[in-house]
Amino acid sequence: MGPVASLKATMMRQAGKFVSRIVRNADEEGLAKLFKTIAMLTKEPAKSGLKKLGRLAEEGHPMLKSWVRVFRNASPASVEKIINNLIINEWVIGEKVRQEKMHEHKVVIPKLVVISPTYACNLNCVGCYAGLYGRKYQLTKEEMESILKQANELGIYFFVITGGEPFIWPHMMEIFEEFIDSYFLVYTNGTLLNEEKVKKLAELGNVTPAVSVEGFERETDWRRGQGVWAKIQKSWELMRKYGVVFGTSVTATKMNHDVIMKDEFWNFLHERGVAYVWIFQFMPVGMNPSMDLVPTPQQRYERFFKTEELRLGGKFAFVADFWNHGFLTNGCLAAGAKYLHINAKGYVEPCVFQQFAVDNIREKTLLEILKSPFFTAYKRMIPYSTNLFRPCPIIDNPKVFRAMVKKFNAIPQHPGSERVITELADALDKMAEEWRKYADKLWYDIGYSEKYPSNRGVYDYEVRLRRYANNEEKLAVEKKS
């Protein structure tokens, strides 16, 4: 038995009784004991994070109460895989492997990988960034298997699947079953989640669909097509019936801002069993990039207070507002800092919205791409601003984005992608400057800068190594004294 397998066996023995208890009768006490037990067996920063979750569970924090509600309504396999795959494999065992690989290869290893196995989709949504290619671009099953195996060897067990529509890709369910020790979050339009598929997902337990909505029926069908809202309601009904843990993905646009600001919408999602929420601001990228649907800086500012209320309120297991919650992640997480995106052509982009790439997974290994000059330069610069409410290189620091593309001759991934750094440059610069005023209010006037100071270089190996050495030296001195 190898060191990873041995660690995993020890972990399972220690946590097994708590896993069984939570599957039978989820409660805060069981979660608290589980988190504290596995925290003793891992390393920082996962150790501190798990200890904190244990304390929150003991205190009956609203977020942990939401987790308990989710577990009580989920299939036994779904609960087991959240604990065994997402918490133990990814947070604990994976963290140890990632740190070992980081020192071995002198590169920061991300916590997750985003993959678009296909660009094909059965819908034609207004402003979709993926384009309309049909089945022209997609990964083979063997390529997908290779990517996942390479990631597992680096200690990565969490994967986000997007597209296109992932469930159009013919091998999707086979991959979920083959990589049963990994955990998958799938962004989907929900229209292909029939009873057979949902029942299988409940049996596997290692997949959570995040179904895209734009608001209620009016907003969703306007962007996604007539009748889509009704199909989404059916998919939610099936997932509740079989105990599949599911969330939702909401694209914040100029058009649906008023709906997003209303409690009625969020109460509706909660009542329908939505466990978690991802909020993505509409981005002017893709085949036909346009500023028409991009929220105004004022709308983004207003949305922050609503999504922050939701994040802290306990209605959902978690709420993440990309771009507005950069203060929680020390800015941008792309280019291998915490994740990267492998598109349906095999090219590896910093993220799904930065649609320029230098390397292809068909020509280089995942590790080689993580060590590439393109990704290394990105990681050294994060965060791009000392104000963490300005995390994004596209809409908050567009001059940085243009400089990176130019310096490394990055290839635009869609016909029209280059317009983001040419025709739309002035509009993006203007919007970034307008947002700066609101961001400074949040960062300085409201006081987030004091609680969440920015740290440059934390995703660069050399900087991290120096900080690690300094911390070790400090601990040794403290121990002697």
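Here, the structure is the one placed above.
Worth saying up front: this structure is predicted, and the values here are computed from it rather than measured.

Trainee: Could you give me a rundown of a positive patch on the surface, with the residues and numbers involved?
Mentor: On the surface, a cluster of positive charge is made up of Lys51, Lys52, Arg55 and Lys451. Here the positive patch gets three residues from one element, more than from any other, and that element is helix α3 (residues 46–58). Summarising the element assignment, Lys451 is placed in helix α18 (residues 448–451). With relative accessibility at 63%, the residue Lys451 sits in the exposed group.

Trainee: Can you tell me about the layout of surface pockets, naming the residues and giving the values?
Mentor: Considered as a void within the structure, the second largest pocket measures approximately 280 Å³ in volume. Taken together, the elements giving at least two residues each to the lining of the second largest pocket come down to α4 (62–73) and α10 (228–242). With four residues, the top contributor of residues to the lining of the second largest pocket is α4. Its residues placed into classes, the lining of the second largest pocket shows 10 nonpolar, five polar and three charged.

Trainee: Break down the nonpolar core for me, with residues and values.
Mentor: Of all hydrophobic cores here, the largest spans 148 residues; its most connected members are Phe176, Phe184, Trp236 and Phe353. For Phe184, the contacting residues outside a window of four places in its chain are Leu148, Phe159, Ile161, Ile175, Phe176, Phe179, Asn206, Val207 and Thr208. Counting residues in each nonpolar core, the second largest holds 11 residues, with Tyr301, Trp435, Leu442 and Trp443 among its members.

Trainee: Describe the side chain of Asn189, listing the residues and the values that go with them.
Mentor: Along the chain, the position of Asn189 falls in the loop between β3 (183–188) and α8 (195–204). For Asn189, the side chain forms a polar contact with the side chain of Asn122, separated by 3.0 Å. A polar contact is formed between the side chain of Asn189 and the side chain of Thr191, at a distance of 2.7 Å. Among all residues touching Asn189, those that are not within four sequence positions of it are Cys121, Asn122, Leu123, Glu165, Val211, Arg224 and Ile232.

Rules used in this analysis
- Residues numbered from 1 in each chain as written.
- Predicted model: local features only at pLDDT ≥ 70, side-chain atom pairs only at ≥ 80, totals over all residues.
- Heavy atoms only, no water.
- Patch = residues over 30% accessible without salt bridge, like charges linked within 9 Å, V, L, I, M, F, W, Y side chains within 5 Å.
- Areas by Shrake-Rupley, 256 points an atom, 1.4 Å probe, with all protein chains shown as cover.
- Salt bridge = Lys/Arg side-chain N within 4 Å of Asp/Glu carboxyl O.
- Lys, Arg positive; Asp, Glu negative; His and termini not counted.
- Charge placed at Lys NZ, Arg CZ, Asp CG, Glu CD.
- Helix = DSSP H or I, 4+ residues; strand = E, 2+ residues; numbered from the N terminus.
- Buried < 20%, exposed > 50% of the residue type's maximum accessible area, 1.4 Å probe, protein only.
- 1 Å grid on protein atoms, 1.4 Å probe; cavity = no way out; pocket = protein on both sides within 12 Å on 5 of 7 lines; lining within 4 Å.
- Points joined across faces, edges and corners; volume = space filled by probe spheres on them.
- Nonpolar A, V, L, I, M, F, W, Y, C, P; charged D, E, K, R; others polar.
- Core = buried A, V, L, I, M, F, W, Y, C linked by side-chain atoms within 4.5 Å.
- Contact = heavy atoms within 4.5 Å.
- Polar contact = N/O pair within 3.5 Å; in protein donor to acceptor, adjacent residues only side chain to side chain.

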